[in-house]
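Structure at a glance
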Amino acid sequence: MNDEQRAWIRAARFGDPEAFARLVESYKDHLFRTAYAIVRDRGEAEDVVQEAFVKAYLTLPGLKDERAFSAWITTITTRLALDWIRRRRPNVRLEDSDAAVQTDHRAMPAMKAELRIDLADALAKLSPEHRTVIALREIQGFDYQEMADILGIPIGTVRSRLHHARLQLRRLLSSHEERG
Amino acid sequence: MEHPEAELSAYLDGALSEEERTAVERHLKGCERCGQRLAELASVSAWTNEAFSSIMAPPDLELRVMERIRALGSPRQGMRLAWLTIGSAVVMMLAALGGVFTAALSVLWAVGKVLARLAGGLHMTLLRMWWGQGWGILMTVLLGILITSLSLALMRWLMKQAWDPRLSTHP
């Protein structure tokens with residue numbers, strides 16, 4: 001986090017909506033990817049991220065350390081996403097929503113598009129807890145201690161959960177390759 | 001050493017202790033299977049990162065968030081409203097407790113007077129009771145007015161704090 005972002009957080013804490021808009025702009029893609037990895041539905045991921053930003057804005061005066069903003073807003077988003085999938089209807093098909101996901105096609109060659117679809121299929125078969133650790137580690141790049149803090153679980157659980165999630169993904173992607 | 005399957009992911013992420021890392025590295029030098037497994041885990045990690053990096057938030061997400069934020073006003077005002085609710089609840093509870101306490105005290109005062117004056121004759125007892133009850137009622141009413149006034153003043157102050165226009169982002 002740079003000085004500029006810290007200044008935005010300070011200003012947003014005192015009710016400056018323009019400063020908060022800068023923060024939304026900076027964090028929206030990361031948070032959307034995280035929410036999408038967990039809920040697997042574009043519309044629901046968008047709702048989750050909107051709720052997360054609103055909640056963050058309202059509770060921002062309570063944030064003591066500006067440097068913790070990234071982990072703090074990710075915690076809000078992750079917990080909202082997990083609550084969301086506990087509440088929502090079961091059996092939301094990933095295929096239905098995946099086609100509508102906004103992607104930067106200029107940066108995505110054909111190979112990558114195939115990989116994305118395979119990976120999306122594979123992620124859909126993981127449990128929400130396994131998808132969450134994958135999202136926090138691979139998308140957000142948090143270390144194990146940060147993940148443990150965000151999820152409120154012991155670091156050993158993070159370690160084994162992430163290992164099993166990766167093993168399962170590897171197995172699922174291998175079976176895709178064999179079929180392809 | 002057994003195959004350190006469970007440690008491979010943490011090794012990949014640099015999350016092992018020095019001792020664990022050394023043990024895994026020593027094992028990897030002589031175990032092709034674990035080397036293969038480590039390479040697979042590294043591929044999964046890289047693929048996931050690469051696949052998700054192309055997913056972008058909808059273009060109008062920022063606009064929608066900011067519409068909601070602007071409709072909400074200052075976050076400090078939101079916090080103040082929360083405090084107003086808590087403060088009001090505390091004031092109302094104190095007022096109710098004060099009322100119950102003064103009413104109970106006045107009844108106890110009257111009962112005590114009756115018991116104390118039983119030996120003094122009915123006429124004197126009734127006279128003193130009237131006098132005692134009068135003071136009790138007067139004290140209760142005065143205490144009630146005091147608590148109500150204080151509660152109203154506190155509510156007014158809290159409302160003023162909650163809606164302080166200097167903190168509002170709206171014109």
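Scroll up to find the structure.
Below, the structure is looked at part by part. (Residues numbered from 1 in each chain as written. Chains lettered and ligands numbered in written order. Predicted model: local features only at pLDDT ≥ 70, side-chain atom pairs only at ≥ 80, totals over all residues. Heavy atoms only, no water.)

1. Some thoughts on the overall build of chain A
Helix and strand content of chain A: 9 helices and 0 strands. With 180 residues in all, chain A has 58% of them scored as buried. (Helix = DSSP H or I, 4+ residues; strand = E, 2+ residues; numbered from the N terminus. Buried < 20%, exposed > 50% of the residue type's maximum accessible area, 1.4 Å probe, protein only.)

2. Overview of the packing of helix α7 (residues 128-139) of chain A against helix α3 (residues 32-53) of chain B
Here α7 of chain A crosses α3 of chain B at 80°, and the two axes come no closer than 9 Å. With respect to α3 of chain B, the element α7 of chain A is oriented roughly perpendicular. Note on element contacts: α3 of chain B touches α7 of chain A through S45, T48, N49 and F52 of chain B, opposite I134, E138 and I139 of chain A. By residue class, the composition of the contact of α7 of chain A with α3 of chain B is 3 nonpolar, 3 polar and 1 charged. (Axes fitted to C-alpha atoms, helices over the stretch in contact; angles between N-to-C directions. Parallel < 35°, antiparallel > 145°, perpendicular 65-115°, else oblique. Contact = heavy atoms within 4.5 Å. Nonpolar A, V, L, I, M, F, W, Y, C, P; charged D, E, K, R; others polar.)

3. Quick word on the interface of chain A and chain B
Interface size is often expressed as the accessible area that is lost when the parts come together. With 50 residues of chain A at the contact, the number on the chain B side is 45 residues. Summed over both partners, the interface of chain A with chain B buries about 4700 Å², with 65% contributed by carbon and sulfur atoms. A per-residue breakdown of the area chain A buries against chain B is headed by R159, H163 and R166 of chain A, which together make up 13% of the total. Run the count over chain A and chain B and you get 9 salt bridges. Between E20 of chain B and R159 of chain A there is a salt bridge, and its shortest N-O distance comes to 3.1 Å. (Buried area = accessible area lost by both parts, 1.4 Å probe. Salt bridge = Lys/Arg side-chain N within 4 Å of Asp/Glu carboxyl O.)

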